[in-house]
Amino acid sequence: MIEKDSIETAYAFLHQKLRVYEHSTLDWQKDDIEMIIADYADRINPELLSRLSGGNSEFLKNHSTFLADLTQAVNDLEEMTR
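To start, this report covers the structure provided alongside it.

**Digging into the overall build of the protein chain**
Regarding its fold elements, the protein chain presents four helices and zero strands. The order of α-helices and β-strands along the protein chain, N terminus first, is α-α-α-α. A compact globule built from 82 residues would reach a C-alpha radius of gyration of about 12 Å, and the protein chain, at 12 Å, matches this within 12%. In terms of overall dimensions, the protein chain has C-alpha extents of about 40 × 25 × 20 Å along its principal axes.

Here's what the structure looks like:
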């Protein structure tokens, strides 16, 4: 079961990181955010991650798809909070 608190916490954290990532012009800052989010993905509710990722084991961990994954996760979490 996915607790409402898990969804809200994930949304707040990922939303904030997405906004910084989107507006950053610093490669090191973007790299740091990618590492932080990949670590976070390893620790969040496994059921929530599975729902967000659709079973993609590289979700939020692949540099080439990171921004798309993060944007999707934030949008999906926003829908889940309604």
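Moving on, there is more to tell.
**Side note on the nonpolar core**
With 22 residues, the main nonpolar core has L14, L48, L52, L70, L77 and M80 as its most contacted residues. Of all elements in the fold, only helix 1 (4–23), helix 2 (27–43), helix 3 (46–53) and helix 4 (66–81) reach the threshold of two or more residues within this core. If you tally residues by element for this core, the top one is helix 4, at six residues. Those residues in contact with L14, other than ones at most four positions away along the chain, are I37, Y40, L70, A73, V74 and L77.

**A word on the side chain of K17**
With respect to the secondary-structure elements, K17 resides in helix 1. Look past the residues within four positions of K17 in its chain and what remains in contact with it is I33, I37 and L70.

**Thoughts on the packing of aromatic side chains**
Counted according to the given criterion, the structure contains two aromatic pairs. Ring centres of F13 and Y40 lie 4.6 Å apart, and the angle between their planes is 40°; this geometry places the pair in the tilted category. Remark: Y40 occurs in helix 2 and F13 occurs in helix 1; sequence separation between them is 27 residues. Its end group placed over the ring of Y21, K30 keeps NZ or CZ at 5.3 Å from the ring centre.

**What about the environment of I37?**
Inspection of the secondary structure assignment puts I37 in helix 2. Taking relative accessible area as the criterion, I37 reaches 0% and is therefore assigned buried. The spatial distance from the C-alpha of I37 to the C-alpha of D69 is 11 Å, given a sequence separation of 32 residues. Setting aside residues no more than four positions away along its own chain, I37 makes contact with F13, L14, K17, L60 and F66.

What counts as what
- Residues numbered from 1 in each chain as written.
- Predicted model: local features only at pLDDT ≥ 70, side-chain atom pairs only at ≥ 80, totals over all residues.
- Heavy atoms only, no water.
- Helix = DSSP H or I, 4+ residues; strand = E, 2+ residues; numbered from the N terminus.
- Rg over C-alpha atoms; globule rule 2.2 N^0.38 Å.
- Core = buried A, V, L, I, M, F, W, Y, C linked by side-chain atoms within 4.5 Å.
- Buried < 20%, exposed > 50% of the residue type's maximum accessible area, 1.4 Å probe, protein only.
- Contact = heavy atoms within 4.5 Å.
- Phe/Tyr/Trp six-rings, centres within 6.5 Å; stacked < 30°, edge-to-face > 60°.
- Lys NZ or Arg CZ within 6 Å of the ring centre and 35° of its normal.

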